[in-house]
Amino acid sequence: MDYLGIIKQKVETKTAKVAVIGLGYVGLPVACVLASEGFRVLGVDIKKDRVDQINKKNCPIEGKEPGLQGLLEKVIEGNHFSATVDYQQLKDVDICLIDVETPIDQNHIPQYDALKSACNSLGKVINDGTLVIVESTIAPGTIDQVVRPLLEKTSGKKSKKDFFLGACPERVMPGKLLANLRSMSRVCGGETPEVAQVMTAFYRNIVDADLDQAEVVTAEVTKTAENAYRDVNIAFANELALICQNVGADFLEVRKLVNKSPGRNVLFAGGGVGGHCIPKDSWLLAYGTKGQVDLELIPAARSVNDNMPSRVADMTTRALEESKIPVKEAKVAILGYAYLEESDDTRNSPSESLKDILESRGLEVVIQDPYVPGYQNEVIDILRSCHTAIIMVAHQAYKKLDLSDLRNHLASPILVDARRVIDPNAAERAGLKYYGIGLGASPGDC
Ligand code: SAJ
């Protein structure tokens, strides 16, 4: 039976029945966009309340996602999309996407519980000819060593014969889920060239950018490598900033001048690297080598970035000491709790690490973030009796701070700027003692 030919024909006529397992910030948008293109899409999630919310046309994704609520309403009302907790309903799907979380544990080992659960449940109902595509970010070798064995074991079928496997890692970003889905190129990693070809025909319905056919392992490596690459480059910026602090230069000036040299692109130093992708994907990439490659640079970059909150804490305690303020009697305000500017996402937030470090050193810590519920007091209101304000996130609101107001409300005029969003001269003119990441002559730990 030419199963792939049948799938391709159903893709071309948009009569393919598609399932999406995992209705989070990756699965739900892709389900809605596929449904809006005319496919019949069935979403599957283990969380019944999430399934119920979706079927009632309520988008469960937090944060602002332009267009998603409206698209969800449209495809539900048009009967092109519905959600369920019942895997039995997947019996007759032609294409099944898997979009479940793939976190790592504190030892940097991938936690594939959700992926394995999805494969176990899918394997029990999968019918002949189904194309299964994992969109989650996974370590190189996961399709071969985890997904295929599980699906074959639970289904009693053989891949490349009874069902087909591919990996097409997502490249979405919270806040731009629908935009990125359309505009970002994708790697269609198929277990055979024919599978990769059918994948590109399928994704061409929702992706306007390049669709590159490749082997599965290439797709697995590409996604984790692109984020490991970013992490290493951020680590370089951070280490360069520490050097600048030590030798009395200004990182921002050095960065601007270095980037005038062809082929250079130094990123921005900061208070650390948070989020759901960058801190994790380096470890997924490394895990793929099963310890058989002695990796040095990628783990070192992770360490540099993970240490930045501690560097900011050192800057803060030394600034207090310079002002003769006993550290254990000090109270500091952390401005910014999200992991990224103009975001409410606090996953792996460097500010959380900084708070823990400062509290472990005996300081009292208060937090403000205009986007994060629970921390949305006015900046000025939380500064009372604080000896220092630490800017940890480059929110626009902090760039517009009234520095004289800040100075007047602080118990002592110390500003630590871990994202370099404030002009040092303006801070000094307002009577603040300014300490900026990467700015020489500051008391940072270099
Ligand atoms: N950061 C720095 N310095 C920089 C850039 C970022 O310290 O120069 C920090 C941020 O403050 C944040 C963390 O790194 O804490 C991650 O920032 P990010 O800009 O990389 O944003 P993410 O985590 O949302 O990364 C996503 C990734 N996209 C996907 O995985 C699909 C990443 O591949 C993208 O490069 C990135 O968005 C992007 O370009 O915006």
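Just so it is clear, the model here is predicted, and its values are computed rather than measured. (Residues numbered from 1 in each chain as written. Predicted model: local features only at pLDDT ≥ 70, side-chain atom pairs only at ≥ 80, totals over all residues. Heavy atoms only, no water.)

Draft legend 1. Spotlight on the sheet that holds strand E6 (residues 164-167). As summarised here, the arrangement of the 8 strands in space is E3-E2-E1-E4-E5-E6-E7-E8, forming an open sheet in which the pairing is mixed. Looking along the sheet, the strands with just one partner apiece sit at the ends: strand E3 (81-84) and strand E8 (211-215). Along the sheet, successive strands turn relative to each other by an average axial angle of 25°, direction set aside. Note: strand E5 (residues 131-134) against E6, 4 bridges, orientation parallel. Counted as the bridge partner of Val-132 is Leu-165 from E6. The strands touched by helix H6 (residues 142-155) within the sheet are E5 and E6, with E6 carrying the most contacts at an inclination of about 145°. (Pairing = 2+ DSSP bridges. Helix = DSSP H or I, 4+ residues; strand = E, 2+ residues; numbered from the N terminus. Axes fitted to C-alpha atoms, helices over the stretch in contact; angles between N-to-C directions. Contact = heavy atoms within 4.5 Å.)

Draft legend 2. Region of the structure containing the pattern of salt bridges. Following the criterion strictly, the structure yields 22 salt bridges and no others. For Lys-57, the salt bridge is made with Glu-77, and the minimal N-O distance between the two is 2.9 Å. Within this pair, whereas Lys-57 is found in the loop between helix H3 (48-55) and helix H4 (68-77), its partner Glu-77 is found in helix H4, the two being separated by 20 residues in sequence. Residue Lys-57 is classed as partly exposed on the basis of its relative accessible area of 27%. Residue Arg-148 pairs with Glu-191 through a salt bridge whose shortest N-O separation is 2.6 Å. With Arg-148 in helix H6 and Glu-191 in the loop between strand E7 (186-190) and helix H8 (193-203), this residue pair connects regions lying 43 residues apart in the sequence. (Salt bridge = Lys/Arg side-chain N within 4 Å of Asp/Glu carboxyl O. Buried < 20%, exposed > 50% of the residue type's maximum accessible area, 1.4 Å probe, protein only.)

Draft legend 3. A look at the sheet that holds strand E12 (residues 414-417). Spatially, the 5 strands line up as an open sheet ordered E10-E9-E11-E12-E13, and their pairing is parallel. Edge positions in the open sheet fall to strand E10 (364-368) and strand E13 (433-436), since each of these has one partner strand only. Each adjacent strand pair in this sheet contributes to an overall mean axis angle of 20°, direction not counted. Contacting strand E9 (331-335), strand E11 (388-391), E12 and E13, helix H13 (residues 308-322) runs over the sheet at an angle of about 160° to E12.

Draft legend 4. Region of the structure containing empty space enclosed by the protein. Tallying each qualifying case throughout the model produces 1 cavity of 30 Å³ or more. Secondary-structure elements contributing two or more residues to the lining of the largest cavity are E7 and helix H9 (216-247). For the lining of the largest cavity, the element with the highest residue contribution is H9, accounting for 4 residues. (1 Å grid on protein atoms, 1.4 Å probe; cavity = no way out; pocket = protein on both sides within 12 Å on 5 of 7 lines; lining within 4 Å. Points joined across faces, edges and corners; volume = space filled by probe spheres on them.)

Draft legend 5. How the structure looks around the site of the ligand. Taken together, 17 residues sit near the ligand, with Asn-227, Arg-230, Phe-268, Gly-274 and Tyr-339 positioned nearest. At 3.0 Å, a side-chain N or O of Lys-223 approaches an oxygen atom of the ligand. A distance of 2.9 Å separates an oxygen atom of the ligand from a polar backbone atom of Gly-274. Taking 740 Å² as the accessible area of the ligand by itself, protein coverage stands at 84%. For the shell around the ligand, the element with the most residues is H9, which contributes 4 residues. Within the shell around the ligand, the residues separate by chemical class into 10 nonpolar, 3 polar and 4 charged. (Near = heavy atom within 4 Å. Polar contact = N/O pair within 3.5 Å; in protein donor to acceptor, adjacent residues only side chain to side chain. Areas by Shrake-Rupley, 256 points an atom, 1.4 Å probe, with all protein chains shown as cover. Nonpolar A, V, L, I, M, F, W, Y, C, P; charged D, E, K, R; others polar.)

Draft legend 6. Broad picture of the environment of Arg-230. Note on placement: Arg-230 falls in helix H9. The class for Arg-230 is partly exposed, based on a relative accessible area of 46%. Along the primary structure Arg-230 and Ala-301 are separated by 71 residues, whereas in three dimensions their C-alpha atoms are 9.9 Å apart.

Draft legend 7. Main features of the packing of H13 against helix H14 (residues 350-360). Interaxial distance between H13 and H14 falls to 8 Å at its minimum, and their mutual angle equals 50°. When the interaxial angle is binned, H13 and H14 end up oblique. Remark: the crossing between H13 and H14 carries right-handed chirality. Along the contact surface, H13 presents Pro-309, Ser-310, Val-312, Ala-313 and Thr-316, while H14 presents Pro-350, Ser-353, Leu-354, Ile-357 and Leu-358. Residue composition of the contact of H13 with H14, by class: 7 nonpolar, 3 polar and no charged. (Parallel < 35°, antiparallel > 145°, perpendicular 65-115°, else oblique. Left-handed = near helix turned anticlockwise from the far one by under 90°.)

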